[in-house]
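Close look at the chain arrangement
Residues per chain are reported as follows:
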Amino acid sequence: MTLSLSQHAVLELVKNYIQSTKRTAFTYNSIKWFAARTGFYRRYDISDRTIDRTLRKLAELGFFNRKKLRVRDYKTGRLKKIVVYTPTRLFYQHKEARAEKVGA
């Protein structure tokens with residue numbers, strides 16, 4: 001499976017997010033916050049919108065499970081929809097394969 005540069009960059013971002021935060025799931029906002037905090041946007045010249053699209057595409061390819069939830073907003077009390085991504089076995093296999101390739 002051949003991935004684009006932005007897909008590789010987002011997979012690397014997610015890998016770093018999981019290692020740094022010790023969390024196994026993330027939302028759009030949490031991954032964007034992490035990208036801004038770590039200088040991801042400057043390094044890769046990728047926008048928020050590109051991260052959104054790439055995450056959806058990687059979920060279609062099987063790297064992530066995508067689950068839509070309805071949660072109550074603590075400020076307004078209204079229900080809002082969020083999307084939670086969890087990495088699949090394919091994500092972890094790809095991560096290991098990249099590490100072996102870089103280490104070899």
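Since we're looking at a predicted model, the values are computed, not measured.

With respect to the helices and strands, the residue Arg-49 is situated in helix H4 (residues 48–61). A sequence separation of 17 residues divides Arg-49 from Lys-32, and the C-alpha atoms of the two residues are 9.9 Å apart.

Right, let's talk about the sheet that holds strand S1 (residues 26–27) for a bit. Strand order in the open sheet formed by three strands is S1-S3-S2, and the pairing between neighbours is antiparallel. Pairing within the sheet leaves two strands with one partner each, and these edge strands are S1 and strand S2 (64–72). Here S2 runs beside strand S3 (residues 79–87); their pairing, made up of nine bridges, is antiparallel. Within S3, the residue paired with Phe-64 across the bridge is Pro-87. The sheet strands contacting H4 are S1, S2 and S3, and the helix crosses S2 at an angle near 125 degrees.

With that out of the way, let us pick up the pattern of salt bridges. In total, this model carries three salt bridges according to the counting rule given. For Lys-32, the salt bridge is made with Asp-52, and the minimal N-O distance between the two is 3.3 Å. Pair noted here: Lys-32 is in helix H2 (residues 28–38) and Asp-52 is in helix H4, with a separation of 20 residues, a long-range link. Across the salt bridge formed by Glu-60 and Lys-57, the nearest N and O atoms sit 3.9 Å from each other.

Reading the values: rules and limits
Residues numbered from 1 in each chain as written. Predicted model: local features only at pLDDT ≥ 70, side-chain atom pairs only at ≥ 80, totals over all residues. Heavy atoms only, no water. Helix = DSSP H or I, 4+ residues; strand = E, 2+ residues; numbered from the N terminus. Pairing = 2+ DSSP bridges. Contact = heavy atoms within 4.5 Å. Axes fitted to C-alpha atoms, helices over the stretch in contact; angles between N-to-C directions. Salt bridge = Lys/Arg side-chain N within 4 Å of Asp/Glu carboxyl O.

Keep in mind these numbers describe shape, not what the thing actually does.
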